[in-house]
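Structural features, examined
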Amino acid sequence: MSSATTVQRIARFAYDASPDDLTPEARRLFKRNILDSLGCAIAALPGPPFQALRAQFDEYRSAGTCSLIGGGTTSPDQAALYNAGLVRYVDLLDSYMSPGGLCHPSDNFGAVLAAAEHASASGEAFMLALAVAYEIQCRITAIVPVMSKGFNHAIQLAVSAAAGSGKLLGLDAGQIANAIAIATVDNISLTCVHSEPVSQWKGFSPGMTGMRAVYSASLAKRGFTGPMRLFEGPNGLVRMFDQPIDVDWDDATLGVIHQTVMKKYCSLIHGQPVLEVTLDLKRRHDLTGDDIEAVTCDIFQTGFDIAGGGGFGAKDHPQTKEQADYNLKYLIAAALLDNQVGPAQLEPERVQAADAQSLLRRVVIRPDSTFTAQYPHALNTRVTIRCKDGREFSKEHVGFEGGLENPLTWDRTVEKFHWLSEPYADSQLRHRIIEMVEDLERHSIAELMALMTAVHPRAAYPARHAGIQ
């Protein structure tokens, strides 16, 4: 039995990871997820929080070695916060599901990207470090039901983002261990960040975690040390989670990318099957908002608690983007009214509009015990629409395009990228980004970021794409 602590074993796993550990299929999927993250980031550029962040950067430190998507430069830690916030903002990023909760592996993206650019890394090195971060975050998520214990998944993100960043910054195994410990010991994140009224911080907490992870890796490189018994020590993570955290860190496989799922709609992952079936019923029966008398949605308990009016609070009066994308009542109403749930449906003006507010009050969300028993291995729902003329349409639906049983293909991801980035980049620039990601091993991160800084931070081109249907 090794005497190394858990932090040291995770660090050794990260340090030893090699490009040879990435199979051709894993590389293909990482390129899909990387392109997806870039598309999500571009779509978020007009968001008011990002103007506030740029003002913050100007006040504190405007010059630096790292690029901001949409133009400008800043320090690595602030670039991590900004670019990670962009990836998360429109709630279209990837997910990893486990019985006790979930995480968003692409929450690592901004931190690992900043570390890669600061280190003048190759695309190959970036992809490997991102794979390491994905693996660490998801392996912990698979073992520990973090959210059901009252904590948020930004805790394991601190571990993974620090490891990935440390690998890119050239730290040895001991320094990576210190980076993990420093980044994580003060990053105790609580699930109440998801409670009503949902605030902006739900989407920016991961960026702040990544910001601190990059900074922690830099400190560790200069000799700062952290608590090696972060997990096992008195009042460490093992006691906090009240369970063993037994992960095989000797397993060098980088295959968790195969278990990530993708989104088509601006909604928490639990809402993807709900919106897919709602839009199917609407389109099949040519329904409009004026036809609807009432809607009932039956869903698994976790979906009800987080987004249906259960344990995290009532969902009757959403007013903001952050409340809308975690509100199944609003999301169903928006789908029925607009025939799509994209970034436009998260604008406060759309959320607050009278037709949306009126229709969402006629939507009922209910937990279903059968669906609950099958979660998270199956994401089941049943949507029933009753019309004012007496017609009733109901459909039970399992899974969604983008899920494990029906993964989003590269071609569909390219389509999603065009949809999200069309207002901010012309056709030539979009195709250059796609081609570079597709051949990322042969390019540097500096080359990729030169393209990403050419994206307009404000809509500059016509938006013709209706969204992936």
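For the structure itself, consult the block above.
Reference entry: report on the structure contained in this document. This structure is a prediction, so every number in the text was calculated from the model and none was measured.

Attention shifts here to the pattern of salt bridges. Pairs may arise between side chains of opposite charge once their charged atoms sit close together. A complete count under the given rule lists 27 salt bridges for this structure. Between D16 and R12 there is a salt bridge; the shortest N-O distance is 3.2 Å. With D16 and R12 both in helix α1 (residues 6-16) and four residues apart, the pair spans about one turn of that helix. Looking at R12, the relative accessible area reads 41%, which means it is partly exposed. One salt bridge in this structure joins R27 and E441, with 3.2 Å as the shortest N-O distance. Highlighted residues: R27 in helix α2 (residues 24-43) and E441 in the loop between α19 (427-438) and α20 (445-452), separated in sequence by 414 residues. Assessed through its relative accessible area of 23%, E441 is described here as partly exposed.

The pairing of strands in a sheet happens through backbone hydrogen bonds and is either parallel or antiparallel. Pairing within the open sheet is mixed, and its four strands lie in the order β6-β5-β7-β8. Taken across any chain shown, the strands that pair with only one partner, and hence form the sheet edges, are β6 (363-367) and β8 (392-398). Across the sheet, the axes of successive neighbouring strands diverge by a mean angle of 15 degrees, strand direction being ignored. The sheet contact formed by strand β5 (residues 292-299) and strand β7 (residues 380-387) spans seven bridges and is antiparallel. Among the inter-strand pairings, T296 is bridged to a residue of β7, identified as T384.

Take the packing of aromatic side chains next. Applying the stated criterion across every chain yields a total of nine aromatic pairs. Ring centres 5.6 Å apart and planes at 80 degrees place the aromatic pair F151 and F241 in the edge-to-face group. Within this pair, whereas F151 is found in the loop between α6 (123-143) and α7 (154-168), its partner F241 is found in helix α10 (residues 237-241), the two being separated by 90 residues in sequence. Using a relative accessible area of 3% as the deciding quantity, one classes F241 as buried. Pairwise contacts between aromatic rings join F50, Y82, Y89 and F204 into one cluster. The residue whose ring lies beneath K321 is Y89, and the NZ or CZ to ring-centre distance is 4.7 Å.

Right, let's talk about α7 for a bit. Along its 15 residues, α7 runs 21 Å from first to last C-alpha, staying within 8% of the 21 Å computed at 1.5 Å per residue. With 14 of 15 residues buried, α7 is to be regarded as a mostly interior element. Count one or two residues on from α7 and you reach G170, which has phi positive near 80 degrees.

The end-to-end C-alpha distance of α6 is 31 Å, a good match for the 30 Å that 21 residues give at a rise of 1.5 Å each. For α6, the tally of buried residues reaches 17 of 21 residues, placing the bulk of the element in the interior.

Closest axis-to-axis distance for the α19/α20 pair is 10 Å, and the angle between their directions is 160 degrees. Judged by the inter-axis angle, α19 sits roughly antiparallel to α20. In terms of crossing hand, the pair formed by α19 and α20 is left-handed. Contacts between α19 and α20 involve L429, R432, I433, M436 and V437 from the former and E447, L448, L451 and M452 from the latter. Partitioned by chemical class, the residues of the contact of α19 with α20 number seven nonpolar, no polar and two charged.

On to unusual backbone geometry. Look at the link from E196 to P197: it is a cis peptide, with omega at -5 degrees. Structurally, P197 can be placed in the loop between α8 (173-185) and α9 (201-221). In this structure, P376 follows Y375 across a cis peptide bond, with omega equal to 5 degrees. Tracing the chain through its elements places P376 in the loop between α17 (369-374) and β7. One non-glycine residue with positive phi stands out, namely D91, at about 55 degrees. Mapped onto the elements, D91 comes out in the loop between α4 (76-89) and β3 (96-98). Its identity is not glycine, yet N235 carries a phi of approximately 60 degrees, on the positive side.

Turning next to the nonpolar core. By size, the foremost hydrophobic cluster in this structure holds 158 residues, and its most contacted members are I34, L38, I69, F126, I136, I180 and I433. Top contributing element to this core by residue count: α6, with twelve residues. With residues up to four places along the chain from it excluded, the contact list for L38 reads I69, F109, F417, I433, V437, L448 and M452.

Moving on: the side chain of Q156. Mapped onto the elements of the fold, Q156 is located in helix α7. Side chain to side chain, Q156 and T141 meet in a polar contact 2.9 Å long. Among residues more than four places away in sequence, those in contact with Q156 are Q137, I140, T141 and V146.

So, on to the environment of V274. Secondary-structure assignment places V274 in helix α11 (residues 272-284). Sequence separation of V274 and T381 is 107 residues, and the distance between their C-alpha atoms is 6.2 Å. Not counting residues up to four positions away in its chain, the partners in contact with V274 are C297, I299, L328, I332, T381 and V383.

When you tally the buried positions in β7, you get six out of eight residues, the bulk of the element. Pairing of β7 with β8, which is carried by seven bridges, proceeds in the antiparallel orientation. Its bridge partner being in β8, N380 is matched across the sheet by V398. Where β7 folds back onto β8 in an antiparallel hairpin, the turn is made up of four residues, including G390, whose phi is positive at roughly 95 degrees.

Thresholds, definitions, all that
- Residues numbered from 1 in each chain as written.
- Predicted model: local features only at pLDDT ≥ 70, side-chain atom pairs only at ≥ 80, totals over all residues.
- Heavy atoms only, no water.
- Salt bridge = Lys/Arg side-chain N within 4 Å of Asp/Glu carboxyl O.
- Helix = DSSP H or I, 4+ residues; strand = E, 2+ residues; numbered from the N terminus.
- Buried < 20%, exposed > 50% of the residue type's maximum accessible area, 1.4 Å probe, protein only.
- Pairing = 2+ DSSP bridges.
- Axes fitted to C-alpha atoms, helices over the stretch in contact; angles between N-to-C directions.
- Phe/Tyr/Trp six-rings, centres within 6.5 Å; stacked < 30°, edge-to-face > 60°.
- Lys NZ or Arg CZ within 6 Å of the ring centre and 35° of its normal.
- Expected span 1.5 Å × (residues − 1).
- Parallel < 35°, antiparallel > 145°, perpendicular 65-115°, else oblique.
- Left-handed = near helix turned anticlockwise from the far one by under 90°.
- Contact = heavy atoms within 4.5 Å.
- Nonpolar A, V, L, I, M, F, W, Y, C, P; charged D, E, K, R; others polar.
- Core = buried A, V, L, I, M, F, W, Y, C linked by side-chain atoms within 4.5 Å.
- Polar contact = N/O pair within 3.5 Å; in protein donor to acceptor, adjacent residues only side chain to side chain.

Function-wise, these values are silent; they only describe arrangement.
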